[in-house]
Amino acid sequence: MMRFMVAITHDIVPFNRTEHAYAALEGLAGTMIQCYLLRLSAPVDTSLVKRVLRQLVTLYPKLRAVIEPGLHRYHFRILPDDLVVDQLFELAFEVQAHIEVDDPAAQLAWHRQCLHHVVPLEKGIGLRMWFVPHAQRPVLMFGVPHIFADGMTMIHLVKQFIQGINGLPMEAMPIEAPSMVGAIAPTHWWQWPAKVWRSRQHKVAEHRLLASVNVQQLPRQPRPNHGTSGLSQGSLPVPAADLRKAARQLGVTLNTFLTAAIAQTFLEQSPDDPKAAAVIRTSVDMRRYYPKSAGHGPMWGNHVGAFLVIEQGPGKSLQERVKSIDASIKEGQSRFARREMCWTYLVEELMPLMGRTLIGHVGVTLRRADRFPQISAHATSLGDVCAYFNPKDAAIQVAQFSAAVNSISPIMGLIEAHNELLCAMIWQESETSADDVAAFRQRLGATLARMVQEAAGG
């Protein structure tokens, strides 16, 4: 296996291709901050919360990184864990006792406000923390720009925090910066031509298909500039246990079942259009595709890929729908396993050579012409987070959780917590109204309920 490693000095860490894109689009789209809301099950002293979060900055050096221009490309510089970081941390941690966290509407408005926070990436530090003391159940909003961490890294950071406030050991999170080429490279060098050719064939066929269909979307009015992001949260009306049972009855995973429901809901917008298609962008954790022989560790940072699920036929039966979606998801994942995603990703690996200014210019041009790839939604799932966060028999646990990330396209974050399926939707408010999003959520809930009933033979 060819190894693609990038040198890390004592304080300089190179970007991977994803991080270059986040840096280039920062000015265009705003900080892509991930805001995770944690409502704790018991009161916690503010000084303890602050002390544990400061320890987290020590344990995960990326959180005290800044982005810094080199001669030709940007990189991370890890700040020394000293007075400067102490001072920046003081600014990054805020106590906001005035937030009415017992009021769902006020809590949602606060979450949305945090989602628009701008982090000075070239000054640091790479997180923002807002704490609301409460006599019974305090709340922490923990925000990290995506350039420093993907969803899997965020989940682990939250777990470390919960460990810390319970007096349990917290783990150091070392920095690794392998090129993402390692996750797409064939096993042997001589396999490159065939793998690149097959990957290109997949991409050409996908492009042709997308050109021939009518992509179903939320109602939208394109704008030449990015505006504010809307945020809609709450649980969908079917218990997670019922959804999982229905998925098992149909012989698919819960993720496949949920993707099928999202696709069905979009397709029912145009039941008489034979060209209607739901295009769901699906995230892939690329860590599993790095060769074990490379000896990587957990690889905290950004290691996420994606593929498209393109689903047609609004009149399919439930069995036909889930079977079709299941085949599409397995094929998308299989392309990563077969190392047949290299055409797209090799092109993207070359993008940093364009430089931050040119990449940003391309982004501005695409935005003004409304030429960014059209999708129905980007759907991503974090799984059963509370089962992962909460230490067994710990005095302080996560009683309520919600997550959101700033986005330039509609995104749906699906989370299982305490037998509820939580769904966060983020979208451009200048393009789509909150009423249209609420109507889609209602239809999605009805679709899920109908699918569960049909799976049970009702």
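Read on for a plain summary of the structure. Keep in mind the model is a prediction, meaning the values are calculated, not measured.

## Focus: the sheet that holds strand β3 (residues 65–69)
(1) Moving on: Across the sheet, 3 strands lie side by side as β1-β4-β3; this open sheet has antiparallel pairing. Because the sheet does not close on itself, it has two edges, and the strands there are β1 (12–14) and β3. Direction aside, neighbouring strands of the sheet carry axes that sit 35° apart on average.
(2) Moving on: The sheet contact formed by β1 and strand β4 (residues 74–78) spans 3 bridges and is antiparallel. Directly across from Ile12, in β4, lies its bridge partner Arg77.

## Observations concerning the side chain of Glu340
(1) Moving on: Tracing the chain through its elements places Glu340 in the loop between α9 (318–337) and α10 (342–350).
(2) Moving on: Glu340 gets classed as buried once you look at its relative accessible area, which sits at 7%.
(3) Moving on: Looking at Glu340, its side chain comes within polar contact range of the side chain of His202, at 2.9 Å.
(4) Moving on: Those residues within four positions of Glu340 in sequence are excluded, and the remaining contacts are Lys195, Arg198, Ser199, His202 and Arg335.

## Topic: a nonpolar patch on the surface
(1) Moving on: A cluster of nonpolar side chains, contributed by Met351, Met354, Leu358 and Val362, occupies part of the molecular surface with about 290 Å² of accessible area.
(2) Moving on: Residue Met351 is classed as partly exposed on the basis of its relative accessible area of 33%.

## A closer look at the packing of helix α2 (residues 46–59) against helix α3 (residues 83–92)
Any two packed helices are characterised by how steeply their axes cross, that is the angle between the axes, and by the distance between the axes.
(1) Moving on: Contact pair α2 / α3: the axes reach a minimum separation of 11 Å and the direction vectors enclose 130°. Overall, the two elements α2 and α3 adopt an arrangement that is oblique. Where α2 crosses over α3, the handedness of that crossing is right-handed. Along its contact with α2, which presents Lys50, Leu53, Arg54 and Val57, the element α3 presents Val85, Asp86, Phe89 and Glu90.
(2) Moving on: Its residues assigned to classes, the contact of α2 with α3 shows 4 nonpolar, no polar and 4 charged.

## Some words on the pattern of salt bridges
(1) Moving on: Summed over the entire model, instances satisfying the criterion amount to 27 salt bridges.
(2) Moving on: Of the charged contacts, one joins Lys316 and Glu311 as a salt bridge, the two residues approaching to 3.0 Å between their closest N and O atoms.
(3) Moving on: Note on Glu311: relative accessible area 1%, which makes it buried.
(4) Moving on: When the shortest N-O distance is used, the salt bridge between Arg450 and Glu454 registers 3.7 Å. A residue pair is termed a helical-turn pair when its members lie 3 or 4 positions apart in one helix, as Arg450 and Glu454 do in helix α13 (residues 434–455) at 4 residues.
(5) Moving on: Taking the relative accessible area as the measure of exposure, Arg450 reaches 31% and is therefore partly exposed.
(6) Moving on: Here the salt bridges do not stand alone but share partners, grouping Arg198, Glu331, Arg335, Arg338 and Glu340 into one network.

## Quick word on the sheet that holds strand β13 (residues 398–405)
Consider a sheet: its strands pair through backbone hydrogen bonds, and that pairing is either parallel or antiparallel.
(1) Moving on: Read from one edge of the open sheet, 5 strands run β5-β6-β7-β2-β13, paired in mixed fashion. If you trace the sheet from one side to the other, it starts and ends with β5 (93–95) and β13, each paired once. Each strand of the sheet is rotated relative to its neighbour by a mean of 15°, with strand direction disregarded.
(2) Moving on: Looking at chain direction, β5 and strand β6 (residues 128–132) are connected through 3 bridges and run parallel. Paired with Glu94 across the two strands is Trp130, which belongs to β6.
(3) Moving on: Seen against the sheet, helix α5 (residues 151–165) touches β2 (33–40), β7 (139–145) and β13 and runs at an angle of roughly 30° to β2.

## Quick notes on the pairing of β7
(1) Moving on: Within β7, 7 of the 7 residues are buried, which leaves the element mostly enclosed by the surrounding structure.
(2) Moving on: Alternating residues of β7 divide into Val139, Met141, Gly143 and Pro145 and Leu140, Phe142 and Val144, and every residue in both groups is buried.
(3) Moving on: As paired strands, β2 and β7 are joined by 7 bridges and run antiparallel to one another. Looking across to β7, one finds that Leu38 is bridged to Leu140.
(4) Moving on: Alignment of β6 against β7, held across 5 bridges, turns out to be antiparallel.

## Comments concerning unusual backbone geometry
(1) Moving on: Cis geometry marks the peptide bond from Gly124 to Ile125; its omega dihedral reads -5°.
(2) Moving on: Positive phi, close to 55°, is recorded for Asp370, a residue that is not glycine.
(3) Moving on: Here Asp370 is to be found in the loop between α11 (356–368) and β12 (377–384).
(4) Moving on: The partly exposed category is assigned to Asp370, whose relative accessible area is 28%.
(5) Moving on: The phi dihedral of His418 is positive, around 55°, even though this residue is not glycine.
(6) Moving on: Using a relative accessible area of 48% as the deciding quantity, one classes His418 as partly exposed.

## A short note on α2
(1) Moving on: The terminal C-alpha atoms of α2 lie 20 Å apart, and with 14 residues this matches the ideal 20 Å at 1.5 Å per residue to within 8%.
(2) Moving on: Looking at α2, one finds that the buried residues are Val49, Val52, Leu53, Arg54, Leu56, Val57 and Leu59.
(3) Moving on: Among the structural elements, α3, β5, β6, β7 and α5 are those in contact with the buried residues of α2.

## Structural notes on the packing of aromatic side chains
(1) Moving on: The tally for this structure, following the rule as stated, stands at 8 aromatic pairs.
(2) Moving on: Relative to Phe440, the ring of Phe266 has its centre 4.6 Å away and its plane inclined at 40°; by these criteria the two rings are tilted. Placement of the pair is Phe266 in helix α8 (residues 254–267) and Phe440 in helix α13, with a sequence separation of 174 residues. Both residues of the pair, Phe266 and Phe440, count as buried.
(3) Moving on: Consider the rings of Phe336 and Tyr345, whose centres lie 6.0 Å apart with planes at 40°: the pair is tilted. Neither residue differs from the other here; Phe336 and Tyr345 are each classed as buried.
(4) Moving on: Directly above the ring of Tyr74 sits Arg356, whose terminal nitrogen or CZ lies 4.5 Å from the centroid.

Parameters and conventions
Residues numbered from 1 in each chain as written. Predicted model: local features only at pLDDT ≥ 70, side-chain atom pairs only at ≥ 80, totals over all residues. Heavy atoms only, no water. Pairing = 2+ DSSP bridges. Helix = DSSP H or I, 4+ residues; strand = E, 2+ residues; numbered from the N terminus. Axes fitted to C-alpha atoms, helices over the stretch in contact; angles between N-to-C directions. Buried < 20%, exposed > 50% of the residue type's maximum accessible area, 1.4 Å probe, protein only. Polar contact = N/O pair within 3.5 Å; in protein donor to acceptor, adjacent residues only side chain to side chain. Contact = heavy atoms within 4.5 Å. Patch = residues over 30% accessible without salt bridge, like charges linked within 9 Å, V, L, I, M, F, W, Y side chains within 5 Å. Areas by Shrake-Rupley, 256 points an atom, 1.4 Å probe, with all protein chains shown as cover. Salt bridge = Lys/Arg side-chain N within 4 Å of Asp/Glu carboxyl O. Parallel < 35°, antiparallel > 145°, perpendicular 65-115°, else oblique. Left-handed = near helix turned anticlockwise from the far one by under 90°. Nonpolar A, V, L, I, M, F, W, Y, C, P; charged D, E, K, R; others polar. Expected span 1.5 Å × (residues − 1). Phe/Tyr/Trp six-rings, centres within 6.5 Å; stacked < 30°, edge-to-face > 60°. Lys NZ or Arg CZ within 6 Å of the ring centre and 35° of its normal.

Distances and angles like these do not, on their own, reveal function.
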